[in-house]
Amino acid sequence: MSTEQPHLLVIDDDERIRTLLTRYLTGNAGFRVTGADSAEDAAAKLTAVSFDLLVVDVMMPGQNGFDFVAALRRAGNTVPVILLTARGEAEDRITGLESGADDYLAKPFEPRELVLRIQAILARSHRPPPTPTARPVRFGDFQFDIVRGELKRGDEIVALTTGEAALLRVLARRPGSTVPRADLADNSGGGLLNAAASASESRAVDVQITRLRRKIEEDPRNPRFLQTVWGEGYVLWAE
């Protein structure tokens with residue numbers, strides 16, 4: 001594995017915040033950091049550089065953070081994203097997840113908390129080499145490599161965010177068994193799912209499940225593989 005430090009892109013129209021975050025993330029956490037002052041600036045940089053994670057302010061002029069992340073996901077870009085905003089309500093966290101973000105942090109926040117969340121997301125997005133005992137979990141035309149967090153339909157890779165891959169990994173380790181929402185929140189890699197209050201946690205898991213169903217189900221409203229066990233949680237039916 002490369003020892004090169006992860007390269008982050010910090011996107012915020014406030015130059016003061018960009019400068020403070022860049023100084024902290026480079027000086028205290030040792031990351032490499034590039035700044036962008038708008039979604040348009042970030043999009044241009046993404047065409048030239050491969051980043052390990054994006055830190056995105058929601059309230060920006062022009063294209064806001066929610067729309068920027070949603071556009072990335074529609075284009076098939078699965079780079080991990082943490083959203084930053086002064087809006088900390090539960091519904092905004094859900095909107096962040098629905099757009100495809102991996103985590104959500106409301107301002108004001110402690111920089112150390114941001115570092116911990118970045119580290120947690122990067123840890124779960126790292127793909128270790130497969131081992132001989134790691135067998136893919138198969139369901140329909142799909143196969144999911146638990147070790148790599150990689151979903152394929154035939155020979156084609158299905159793009160998953162790190163949050164979606166983490167959630168599917170928890171379910172795939174217990175195929176045919178009901179996994180409670182609380183277990184999904186606690187064991188799917190931290191970040192937003194662990195940070196929200198219990199009611200928001202449950203809703204956040206439901207949102208991620210909905211996103212997964214859109215990728216693996218022919219009819220997401222009548223799922224065949226990823227089913228709800230009412231009042232308990234979810235189950236992945238695999239071969």
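An account of the accompanying structure is given in this report. Just so it is clear, the model here is predicted, and its values are computed rather than measured. (Residues numbered from 1 in each chain as written. Predicted model: local features only at pLDDT ≥ 70, side-chain atom pairs only at ≥ 80, totals over all residues. Heavy atoms only, no water.)

## Some words on the pattern of salt bridges
Here is step 1: Throughout the structure, instances matching the rule amount to 12 salt bridges.
Here is step 2: Among the salt bridges present, the one from K45 reaches D41, with a minimum N-O distance of 2.8 Å. Placement of both K45 and D41 in helix α2 (residues 39-48) is noted, with a separation of 4 residues, approximately one turn of the helix.
Here is step 3: Relative accessible area serves as the criterion here: at 24%, K45 is assigned to the partly exposed category.
Here is step 4: Note that D141 and R153 form a salt bridge whose closest N and O atoms lie 3.6 Å from each other. Within this pair, whereas D141 is found in the loop between β6 (137-139) and β7 (142-145), its partner R153 is found in strand β8 (residues 150-153), the two being separated by 12 residues in sequence. (Salt bridge = Lys/Arg side-chain N within 4 Å of Asp/Glu carboxyl O. Helix = DSSP H or I, 4+ residues; strand = E, 2+ residues; numbered from the N terminus. Buried < 20%, exposed > 50% of the residue type's maximum accessible area, 1.4 Å probe, protein only.)

## Description of helix α6 (residues 162-172)
Here is step 1: Of all 11 residues making up α6, 11 are buried, and the element is well covered by its neighbours.
Here is step 2: Within α6, burial applies to T162, G163, E164, A165, A166, L167, L168, R169, V170, L171 and A172.

## Examining the sheet that holds β6
Here is step 1: Spatially, 4 strands are ordered β6-β7-β8-β9 in an open sheet, and the strand pairing comes out antiparallel. Two strands in the sheet have a free side with no partner beyond their single neighbour: β6 and β9 (156-158). Put simply, the sheet's adjacent strands are angled 30° from each other on average, direction ignored.
Here is step 2: The strands touched by α6 within the sheet are β6, β7 and β8, with β7 carrying the most contacts at an inclination of about 95°. (Pairing = 2+ DSSP bridges. Axes fitted to C-alpha atoms, helices over the stretch in contact; angles between N-to-C directions. Contact = heavy atoms within 4.5 Å.)

## Here we look at the pairing of strand β1 (residues 7-11)
Here is step 1: Within β1, 5 of the 5 residues are buried, which leaves the element mostly enclosed by the surrounding structure.
Here is step 2: On β1, burial covers both faces: H7, L9 and I11 on one face and L8 and V10 on the other are all buried.
Here is step 3: With 5 bridges connecting them, β1 and strand β2 (residues 32-36) associate as parallel partners. Across the sheet, the residue bridging to I11 is A36, located in β2.
Here is step 4: Where the polypeptide runs from β1 across helix α1 (residues 15-27) and back to β2, its parallel neighbour, the crossover connection is right-handed.
Here is step 5: Here 4 bridges tie β1 to strand β3 (residues 53-57), and the two strands are oriented parallel to one another. If you follow V10 over to β3, its bridge partner there is V55. (Right-handed = clockwise from strand over helix to strand, strands pointing away.)

## A closer look at the environment of L53
Here is step 1: Along the polypeptide, L53 turns up in strand β3.
Here is step 2: The exposure class assigned to L53 is buried, which follows from its relative accessible area of 0%.
Here is step 3: Through-space distance from the C-alpha of L53 to that of L9 is 6.5 Å; in sequence the pair is 44 residues apart.

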